[in-house]
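# Geometric and topological summary
In case you want the letters, here they are:
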Amino acid sequence: MSPEPDFRRPSAAGILPRRGRFASAALVLAASGLVGLGGCFSVADGVPPPLDAFYYPTGLVVSPGRTALYVANSDFDLQYNGGTVFALDLVKLRADTDKLRQAILDAAASPASSGDPTAAACGTLGVGRNDNTTLYPGPCAPVALSSYLQNGKVVTIGAFATDAVIAVKPNPCDDGRGARLFVPVRGDPSVTYFDITDDREISCDGAPLPAASPCSGTVCLECGATSSGGRCSRDFLVGRDPSDSQRDLTLPVEPFGIAVDERGESIVVVHQTEQTASLIVNRWESEPALEHYVTGLPPGPTDLAAIPITRLAEENRGTIDYTPAFGVSYRSSAVFDVLRYNDDGGSSPARPFVTRSASVGIGTTASSTDSRGVAIDGTERRACEDACPTGAVRSGCLRACAEDNPLGIYMANRAPAALVIGQIETKFTEREGPNGPEVTGAFDVVSFHDSVPLAFGSSRVEMGRVIGLDGRPAWRVFALAYDSSFVFSYDPASRRVDNVIKTGRGPHAIAFDTERLRDEAGNLVLDAQGNPIWYSTMYVGHFTDSYVGVVDLDMRNHATFGAMYMSLGKPVPPKESQ
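A few points on the structure. Computed from a predicted model, the values in this text were never measured in an experiment. (Residues numbered from 1 in each chain as written. Predicted model: local features only at pLDDT ≥ 70, side-chain atom pairs only at ≥ 80, totals over all residues. Heavy atoms only, no water.)

Tracing the backbone shows Ser333 in the loop between strand S16 (325-330) and strand S17 (335-342). In terms of polar contacts, Ser333 uses its side chain to reach the backbone carbonyl oxygen of Pro299, at 3.3 Å. For Ser333, the contacting residues outside a window of four places in its chain are Pro298, Pro299, Ser368 and Thr369. (Helix = DSSP H or I, 4+ residues; strand = E, 2+ residues; numbered from the N terminus. Polar contact = N/O pair within 3.5 Å; in protein donor to acceptor, adjacent residues only side chain to side chain. Contact = heavy atoms within 4.5 Å.)

Here the focus is the pattern of salt bridges. Within the structure shown, the criterion is met by 33 salt bridges. One salt bridge connects Arg399 with Glu403, and the closest N-O pair in it is separated by 3.0 Å. Taken together, the residues span about one helical turn, with Arg399 and Glu403 both in helix H7 (residues 394-404) at a distance of 4 residues. We classify Glu403 as partly exposed; its relative accessible area is 40%. For Arg516, the salt bridge goes to Glu515, with nearest N and O atoms at 3.1 Å. Looking at Glu515, the relative accessible area reads 15%, which means it is buried. One continuous salt-bridge network, built from bridges that share partners, spans Arg331, Asp370, Arg372, Arg414 and Asp483. (Salt bridge = Lys/Arg side-chain N within 4 Å of Asp/Glu carboxyl O. Buried < 20%, exposed > 50% of the residue type's maximum accessible area, 1.4 Å probe, protein only.)

Before going further, it helps to examine the sheet that holds strand S10 (residues 237-238). Across the sheet, 4 strands lie side by side as S5-S6-S7-S10; this open sheet has antiparallel pairing. Looking at strand neighbours, the two that pair on one side only are strand S5 (165-168) and S10, the edges of this open sheet. (Pairing = 2+ DSSP bridges.)

A few words now on the pairing of strand S27 (residues 507-516). With respect to burial, S27 is a largely interior element, 9 of its 10 residues being buried. With 9 bridges connecting them, S27 and strand S28 (residues 534-542) associate as antiparallel partners. Following the sheet pairing, Glu515 is matched in S28 by Tyr535.

Counting residues in each nonpolar core, the largest one holds 37 residues, and the members touching the most others are Tyr70, Val85, Leu181, Val183, Phe194 and Leu221. The dominant element in this core, judged by the number of residues it contributes, is strand S6 (residues 179-185), at 5 residues. In this structure Val85 touches Val71, Ala72, Lys153, Val154, Val155, Ile157, Leu181, Val183, Phe194 and Leu221, once residues within four positions along its chain are discounted. Formed by 31 residues, the second largest nonpolar core is a distinct cluster that contains Phe54, Val71, Leu88 and Leu90. (Core = buried A, V, L, I, M, F, W, Y, C linked by side-chain atoms within 4.5 Å.)

Over the atoms rolls a probe the size of a water molecule, and its path tells where empty space is left. Each pocket or cavity is described by its volume, and for the second largest pocket that value is around 690 Å³. Those elements giving two or more residues to the lining of the second largest pocket turn out to be helix H2 (90-109) and S27. A per-element tally of the lining of the second largest pocket places H2 first, with 4 residues. A per-class count over the lining of the second largest pocket returns 6 nonpolar, 5 polar and 11 charged. (1 Å grid on protein atoms, 1.4 Å probe; cavity = no way out; pocket = protein on both sides within 12 Å on 5 of 7 lines; lining within 4 Å. Points joined across faces, edges and corners; volume = space filled by probe spheres on them. Nonpolar A, V, L, I, M, F, W, Y, C, P; charged D, E, K, R; others polar.)

A word on the packing of aromatic side chains. Taken as a whole, this structure holds 15 aromatic pairs when the rule is applied. Between Phe54 and Phe86 the ring centres are 5.8 Å apart and the planes differ by 40°, which places this aromatic pair in the tilted class. Taken together, the residues span a long stretch of sequence, with Phe54 in the loop between helix H1 (25-36) and strand S1 (57-62) and Phe86 in strand S3 (residues 83-89) at a distance of 32 residues. On the basis of relative accessible area, Phe54 is assigned to the buried category, the value being 3%. Three or more aromatic residues link up through ring pairs in this structure, and these residues are Tyr55, Tyr56, Phe76, Tyr80, Phe160, Tyr482 and Phe543. If you follow Arg414 out to its NZ or CZ, it ends over the ring of Phe456, 5.9 Å from the centre. For the cation-ring pair, Lys502 lies above Phe486, with the distance from its terminal atom to the ring centre recorded as 5.0 Å. (Phe/Tyr/Trp six-rings, centres within 6.5 Å; stacked < 30°, edge-to-face > 60°. Lys NZ or Arg CZ within 6 Å of the ring centre and 35° of its normal.)

Turning our eyes to something else, we now look at empty space enclosed by the protein. All told, the structure shown has 4 cavities of 30 Å³ or more when counted by the stated rule. Counted as a void, the second largest cavity has a volume near 60 Å³. Taken together, Tyr193, Asp235, Phe236, Leu237, Val238, Gly239, Asp244, Glu287, Pro288, Ala289 and Leu290 make up the lining of the second largest cavity. At the level of elements, S10 and strand S14 (289-294) are the ones that each hand at least two residues to the lining of the second largest cavity.

As summarised here, the arrangement of the 4 strands in space is S15-S16-S17-S18, forming an open sheet in which the pairing is antiparallel. Two strands close off the open sheet at either side, each with one partner strand: strand S15 (301-307) and strand S18 (353-361). Looking at each pair of strands side by side, their axes are set apart by 25° on average, direction ignored. Across 6 bridges, S15 lies against S16 in antiparallel orientation. Paired with Leu304 across the bridge in S16 is Val328. (Axes fitted to C-alpha atoms, helices over the stretch in contact; angles between N-to-C directions.)

Glancing now at helix H6 (residues 379-386). When H6 is considered as a whole, its buried residues turn out to be Arg381, Arg382 and Glu385. The buried residues of H6 all sit within an arc of 95° when viewed along its axis, so they share a single face. Looking at H6, the residues exposed on the side facing more than 90 degrees away from the buried face are Glu380 and Asp386. On its buried face, H6 is in contact with helix H5 (311-314), H7, strand S20 (407-415) and strand S21 (417-433). (Arc of directions from axis to C-beta.)

All right, on to a negative patch on the surface then. On the surface, Asp235, Asp241, Asp244 and Glu287 cluster together to form a negatively charged patch. Within the fold, Glu287 resides in the loop between strand S13 (276-281) and S14. For Glu287, a relative accessible area of 39% puts it in the partly exposed group. (Patch = residues over 30% accessible without salt bridge, like charges linked within 9 Å, V, L, I, M, F, W, Y side chains within 5 Å. Areas by Shrake-Rupley, 256 points an atom, 1.4 Å probe, with all protein chains shown as cover. Lys, Arg positive; Asp, Glu negative; His and termini not counted. Charge placed at Lys NZ, Arg CZ, Asp CG, Glu CD.)

This part takes up H2. Here H2 is 20 residues long and its end C-alpha atoms lie 28 Å apart, about the 28 Å a rise of 1.5 Å per residue gives. Considered for burial, the residues of H2 that qualify are Leu90, Leu93, Arg94, Asp96, Thr97, Leu100, Arg101, Ala103, Ile104, Leu105 and Ala107. Two or three places before Val91, at the opening of H2, Asp89 has a side-chain oxygen 3.1 Å from that residue's backbone nitrogen. (Expected span 1.5 Å × (residues − 1).)

This structure, assessed with the given rule, holds 6 disulfides. Here Cys215 engages in a disulfide with Cys220; their sulfurs sit 2.0 Å apart. Residue classification places Cys220 among the buried residues on the basis of a relative accessible area of 0%. What pairs with Cys223 in a disulfide is Cys232, and their sulfur atoms sit 2.2 Å apart. Taking the sign of the torsion about the S-S bond as the criterion, the disulfide between Cys223 and Cys232, at about -80°, is left-handed. Looking at Cys223, the relative accessible area reads 1%, which means it is buried. Assigning the bonded cysteines of the protein consecutive numbers by sequence position, one obtains the connectivity 1-2, 3-4, 5-6, 7-8, 9-12, 10-11. (Disulfide = S-S within 2.5 Å.)

Before going further, it helps to examine the environment of Pro210. With respect to the helices and strands, Pro210 occurs in the loop between strand S9 (207-208) and S10. By relative accessible area, Pro210 is classed as exposed at 62%.

Here's what the structure looks like:
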C-alpha cells in the first residue's frame with residue numbers, strides 16, 4: 001500500500017519517496033534544483049503533459065451550478081513539464097453515471113439468467129467487466145475520459161498543484177455574476193486562477209439571470225492560454241510578479257492548503273514549510289492580488305477552512321464588527337488556529353491584512369499532533385437562518401440561530417488516526433442604545449471535545465450529503481484515509497460512523513454532485529407525493545493510480561450505495577511498479 005504523498009519540499013535524495021526514486025540522473029538533478037529554488041522548476045524544456053488522462057489528481061471541485069467538474073493534476077513525479085487542469089462536462093458525465101447505476105441496479109434485481117447481467121450492465125457504456133477489482137473497485141472496466149473533455153477545456157499549469165477552490169459573487173442580482181477557480185501550485189510558486197462560467201440557477205425579481213461565461217460554451221476555463229492544452233499566462237499566476245501587489249510581495253514557497261470566504265473576497269493559503277499564511281484579495285472588477293502574509297505560525301500548517309459568517313453580522317456589516325475568518329490545522333503542532341481577514345477599508349489606500357486572532361490546543365487524542373484536512377460545518381445554523389422571517393423580528397431570530405447552533409469542526413488526525421471533533425460558538429458584544437441593547441460585534445470561541453477512530457493514514461475531510469431512505473438529503477462528514485484506501489462517512493446527528501467506503505489506492509480529493517433531479521427541459525422531477533427527487537454522487541480522485549472513482553450516495557440504491565461503481569479514466573500504476 002502506498003503511503004500518503006509527502007507534499008513538503010522535495011529532497012535531492014529523491015523527490016518522490018512515495019512512488020519510488022527517479023528513474024534517471026536528470027530527474028535527480030531536477031530534484032536538486034527544486035531544493036535550491038524552493039519549489040520552482042523550469043518549463044522551457046520537457047515533455048508536455050497528457051491532455052486526455054489524469055496524472056496525480058490532487059484537486060476536485062464541482063462548479064456552482066453543477067455543469068462542470070474541475071480536476072487539477074499535479075505531475076508529482078515530474079515526468080512532464082507541468083500539470084494540468086481539466087474542465088469535464090458534468091452534465092454528460094451525470095447522465096452516463098445514472099445510466100450505468102440504473103443498469104447495475106436492474107441487473108441486481110433481475111433473476112439469474114443464462115447471460116452475464118454484470119457484463120450487460122457495463123455494456124451500457126461500452127465497457128466490459130473489471131478484471132482487477134482488488135486494486136480498482138467496481139464491477140466495470142474504466143470509462144474513457146476523452147468523451148467528457150470539451151475542446152479548449154484543458155490547460156497546462158506548473159507542477160505540484162495541491163488543491164482547488166471556487167469563489168463566486170455573493171450578490172449576483174446587484175453586482176452581476178462572477179466565478180473564479182483558484183489552484184495553489186508549488187512548482188511556480190503561485191496561486192493560478194481561472195475565470196470560469198457562473199452557472200448557478202439564479203432569478204432576480206422573478207426573472208432568470210443568464211449564466212455569465214468568459215468564453216464560448218457552457219464550460220469555461222480561462223487563464224490566458226492561447227490554445228487547448230496551452231500554458232496559463234503569467235497574468236493569471238497570483239504571487240509571481242511583485243509588481244502585481246501594491247506591497248511588492250511575492251508568494252512564499254510551498255503553497256498548500258487554500259480556502260475562500262463566503263463573500264468570494266479573501267483567499268488564504270498556508271505554506272507547509274514556512275510557518276506562513278498568505279492573503280489574496282479577489283477583486284471582481286480586476287485581477288486577484290497578493291496583499292499580505294502573516295509569519296510565525298506553528299510548524300507545519302497544512303489545511304484550512306473558511307468559518308461560515310453569521311448572517312446577522314453579514315446583513316449588518318456597517319454596524320456589527322465581524323470579519324471573515326479561517327480555521328487552520330497543523331502537521332507538527334497540537335493546535336487549531338483562527339486567522340482573521342480585515343479589508344482595512346477605512347484607510348487610504350486600503351492595505352488588507354490577515355492576523356492570527358486565536359490559537360486553541362486540541363488534546364482530544366493521545367498526542368493530537370499531525371492534523372491534516374479540516375472542515376467546518378455550518379449547516380444547522382444556516383438552516384435556522386433560512387427560516388427567519390423578514391421584518392422587525394429578523395435580527396433577534398438570526399442572533400438566536402447563531403447562539404443556539406455552534407459550528408462543527410472536523411479534522412483528520414494521524415497521531416493517532418482519528419476524526420477530531422470540536423465546535424465554534426459565536427458570542428456577541430452589546431452596548432446600550434436609545435431603544436435598548438444593540439449588537440456591536442461578534443467573536444468566535446473554539447473548543448474540542450471528542451474524537452472518533454479512523455483507519456491508518458487519515459488525510460482529508462469534506463462535508464457532503466447522502467440521500468436517506470426517506471429520499472431526503474442529509475449531511476455527513478467524509479474523512480479520507482489515504483494509506484488504508486477508505487472514505488469514512490460520519491453522521492454528526494447520531495455521532496457515529498455510519499458507512500465505510502472502499503476505494504482504490506491513495507484517495508486524495510473528493511467532490512460532490514448533489515441536487516434535485518431535473519428532466520431534459522430543466523423541470524424538477526417529482527415523486528408520487530409531489531416531492532422533488534434528489535440524487536447524490538461523490539467523485540474520488542485517486543492520487544496513486546491517477547483516476548477518478550464514482551460513488552453512489554443514495555441509500556435507496558441497495559446494490560450501489562456506498563460503493564465505487566464506476567472508474568473514470570484508465571488507472572495508471574506508479575512508474576516504478578509497472
